[in-house]
Amino acid sequence: MIVKDLDIDAVRAGLADGSILVVDVREPHEFAAGHIPGSTLLPLSQFDPAAIPDAPGKRIVFSCAAGVRSLRALEFAQSAGLDIDSHYFGGFKDWAMRGGPVER
Ligand SMILES: O=S(=O)([O-])[S-]
């Protein structure tokens, strides 16, 4: 499996220049309580690689609470033959702890 661990600076930069789409694989209630602005929800519990949004020109970056489920999502996506290799290893906990803006 190929894994690129992105830190908060890489995620912030990618969101700022529009080069990434953050796909949040937490559960809906976690997403509703707060998420990274511009991220989209695709819970790992119902993970369907075909449901990963089509984001031309953007790199898909999985994110969860603390990097465990996002790694699983990478595994599922790569098993399905998708060219997705990046996750935010610190996840939303890191984002919120470091003062990243939170959307509800
Ligand atoms: O979201 S998590 O699986 O890292 S706790």
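Residues numbered from 1 in each chain as written. Predicted model: local features only at pLDDT ≥ 70, side-chain atom pairs only at ≥ 80, totals over all residues. Heavy atoms only, no water.

(A) Structural view of the sheet that holds strand E4 (residues 59-63). What the 5 strands build is an open sheet, ordered E1-E5-E4-E2-E3; its pairing is parallel. Only two strands of the sheet have a single neighbouring strand rather than two, namely strand E1 (4-6) and strand E3 (40-41). Here helix H1 (residues 8-16) sits on the sheet in contact with E1, strand E2 (20-24) and strand E5 (86-88), set at roughly 120 degrees to E2. (Pairing = 2+ DSSP bridges. Helix = DSSP H or I, 4+ residues; strand = E, 2+ residues; numbered from the N terminus. Contact = heavy atoms within 4.5 Å. Axes fitted to C-alpha atoms, helices over the stretch in contact; angles between N-to-C directions.)

(B) Seen up close, the pattern of salt bridges. Per the counting criterion, the structure on display carries 5 salt bridges. A salt bridge links Asp24 to Arg26; the nearest nitrogen and oxygen atoms lie 2.8 Å apart. One salt bridge connects Arg98 with Asp94, and the closest N-O pair in it is separated by 2.5 Å. (Salt bridge = Lys/Arg side-chain N within 4 Å of Asp/Glu carboxyl O.)

(C) Focus on the site of the ligand. Looking at the ligand, the residues that line it are Cys64, Ala65, Ala66, Gly67, Val68 and Arg69. Contacts to the ligand include Ala66, whose backbone N or O atom sits 3.0 Å from an oxygen atom. Here Gly67 contributes a backbone N or O atom positioned 3.2 Å from an oxygen atom of the ligand. Of the residues contributing to the shell around the ligand, the split by class is 4 nonpolar, 1 polar and 1 charged. (Near = heavy atom within 4 Å. Polar contact = N/O pair within 3.5 Å; in protein donor to acceptor, adjacent residues only side chain to side chain. Nonpolar A, V, L, I, M, F, W, Y, C, P; charged D, E, K, R; others polar.)

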